[in-house]
Amino acid sequence: MPSIDYDSAADVTERLEQRLVESLTGETSVSRRTVLGGLGVAGSAAVGLGSTRTSASSDHQDEDEHGSFGAVGEYRDLDFDPHEFLTAFNTGDSGQDNVPQQIYEEDGRTVREFEFTAVDTTITIAPGVEFQAWAYNGQVPGPTIRAIEGDLIRVKFTNFGRHAHTIHPHLKNLNPRMDGIPQNGPGVLNTGESFTYEWIAQPAGTHFYHCHSLPLKEHIHRGLYGTIIVDPDPERVRENPRDYINYPGPITDDFRTQLVEEARSRNHEYAENDAVNEMVMVMNSFDTNFDGGNEVYAANTRAFGYGVGDTDGNGNWTAGETKRPIQIDKNELQRVYLSNATEFDLINSFHTHSQFFDYYDHGTTLTPTFKTVDTIMQCQAQRGILEIDYSDHEPGLYMFHAHQSEFAELGWMSFFEVV
Ligand SMILES: [Cu+2]
């Protein structure tokens with residue numbers, strides 16, 4: 001039975017993906033491989049496959065400068081692996097290779113320091129489909145920063161892109177110079193300019209960062225966004241439990257202990273955190289023809305990146321297969337740090353099949369803000385934490401996706417492979 005499930009899941013993923021790619025390359029009557037074979041690989045974007053598109057809008061003045069896209073091969077750029085990105089937390093002492101980082105003490109406070117750049121780059125959003133992005137450290141979404149409540153996050157930012165950029169954090173930030181908007185502090189940073197942002201990691205939760213240059217919608221939609229996770233400090237929770245709940249009743253010793261336990265489980269420096277499988281997902285979208293509407297949707301950039309591809313049906317994926325479900329151990333709690341970077345659409349959503357979960361809006365509480373739900377929605381920049389328990393499920397494939405069905409069909413469709 002499992003192999004049948006895998007086959008049909010792979011089939012539906014492949015058909016949706018092929019339909020998406022064909023719609024983007026404007027070749028509906030021939031297969032994707034034929035198109036690519038006929039055009040060759042590396043040169044097709046330059047040849048101008050993108051020019052077959054027409055723009056319905058003229059408000060992107062620099063479209064000619066940056067607006068090219070096209071089919072150039074199967075996931076040519078393998079530098080960004082959506083599966084690695086899921087669990088790549090930059091804490092100062094561990095992280096992705098392309099984020100220089102360190103951790104040290106200063107004035108009695110832990111400092112987590114990161115070096116960020118902004119660059120113009122090309123990213124792959126579907127097999128053979130590239131997008132001219134503006135990206136923090138060359139990747140979309142940008143690197144995930146992770147700190148503990150009360151730490152100092154220090155980001156040394158240099159803009160190597162052709163446009164002026166900033167980093168604006170969704171944190172409780174007490175210094176207007178550090179807000180990362182054109183009107184405060186250094187303002188926008190032009191090409192070659194640098195600034196060191198310093199933010200106190202507060203409040204505990206899962207947060208969003210993005211460029212705040214104008215036009216805002218383009219600077220975000222091009223890819224300048226990412227996640228900041230602030231782990232709760234269990235000792236602070238023990239002393240100030242009311243800061244982490246939306247509950248006016250009495251706080252018994254048992255309740256306090258329960259809150260501290262949840263905080264320990266969320267804090268990456270505690271052993272309890274090792275028992276949880278944690279993942280970062282940023283719901284994003286791409287307007288490939290710059291008409292003010294999205295053609296491609298995803299979690300973590302690659303359409304159907306967590307769909308089902310080539311497998312033996314026993315959890316073994318073909319080496320190098322870029323499209324595969326997220327394999328999870330049914331006995332581990334799953335925690336998803338989710339945020340919404342989708343531009344041009346009012347909301348995005350996350351829906352689990354055959355499953356319900358607890359949701360912590362903004363991740364700022366230690367008790368769920370929604371209990372036992374199978375769908376949550378987020379407006380842009382909204383974020384939250386999902387806790388999902390598959391321990392009583394049979395092994396196999398369980399779909400999750402945006403429950404805007406259009407988004408799901410255009411790339412934001414995924415599977416957990418429960419083993
Ligand atoms: Cu920008």
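Residues numbered from 1 in each chain as written. Predicted model: local features only at pLDDT ≥ 70, side-chain atom pairs only at ≥ 80, totals over all residues. Heavy atoms only, no water.

### A few points about the nonpolar core
No. 1: Met-281, Ile-326, Phe-350, Trp-412 and Phe-416 are the most contacted members of the largest nonpolar core, which totals 68 residues.
No. 2: Counting residues in hydrophobic clusters, the runner-up holds 24 residues, among them Phe-114, Phe-157, Leu-171 and Leu-189. (Core = buried A, V, L, I, M, F, W, Y, C linked by side-chain atoms within 4.5 Å. Buried < 20%, exposed > 50% of the residue type's maximum accessible area, 1.4 Å probe, protein only.)

### Some words on the coordination of the copper ion
No. 1: Each protein donor to the copper ion is listed here as His-165 (ND1), Cys-211 (SG) and His-219 (ND1); together their distances run 1.8 to 2.2 Å.
No. 2: Expressed as a motif, the donor residue spacing for the copper ion is H-x45-C-x7-H. Take Cys-211 and His-219: they sit in the same class, and that class is buried. (Donors = N, O, S within 2.8 Å, 3.2 Å for Na, K, Ca; no water.)

### Digging into the side chain of Asn-273
No. 1: One can find Asn-273 in helix 9 (residues 271-274).
No. 2: Overall, the relative accessible area of 8% leaves Asn-273 in the buried class.
No. 3: For Asn-273, the residues in contact, after removing those within four places along its chain, are Arg-146, Arg-264, Ser-265, Arg-266, Asn-267, His-268, Glu-278 and Arg-335. (Helix = DSSP H or I, 4+ residues; strand = E, 2+ residues; numbered from the N terminus. Contact = heavy atoms within 4.5 Å.)

### Let's talk about the sheet that holds strand 19 (residues 375-379)
Two orientations exist for strands paired in a sheet by backbone hydrogen bonds: parallel and antiparallel.
No. 1: Overall, mixed pairing links the 5 strands, which are arranged 14-22-21-16-19 in an open sheet. Looking at the sheet topology across the chains shown, the edges are occupied by strand 14 (326-328) and strand 19. Going from strand to strand, the sheet's axes swing by 25° on average, the running direction of each strand aside.
No. 2: In this sheet, strand 21 (residues 396-401) lies alongside strand 16 (residues 347-352) in antiparallel orientation, the contact comprising 2 bridges. When the bridges of strand 21 are listed, Thr-352 appears paired with Phe-400. (Pairing = 2+ DSSP bridges. Axes fitted to C-alpha atoms, helices over the stretch in contact; angles between N-to-C directions.)

### Points about the pairing of strand 21
A regular strand places its side chains on the two faces of the sheet in alternate fashion.
No. 1: Counting buried residues along strand 21, 6 of its 6 residues qualify, which places the element largely inside the surrounding structure.
No. 2: Inspection of the sheet shows strand 21 paired to strand 22 (residues 413-418) by 6 bridges, in the antiparallel sense. What sits directly across from Gly-396, in strand 22, is Val-418.

### Some thoughts on unusual backbone geometry
No. 1: The peptide bond linking Gln-202 to Pro-203 adopts the cis configuration, its omega dihedral lying at -10°.
No. 2: Take Pro-203: it is sitting in the loop between strand 9 (194-200) and strand 10 (205-210).
No. 3: The peptide bond linking Leu-214 to Pro-215 adopts the cis configuration, its omega dihedral lying at -5°.
No. 4: Here Pro-215 is to be found in the loop between strand 10 and helix 6 (216-221).
No. 5: Even without glycine at this site, Asp-107 takes up a positive phi of about 50°.
No. 6: With respect to the helices, strands and loops of the structure, Asp-107 is situated in the loop between strand 3 (101-106) and strand 4 (109-126).
No. 7: Residue Asp-107 is classed as exposed on the basis of its relative accessible area of 79%.

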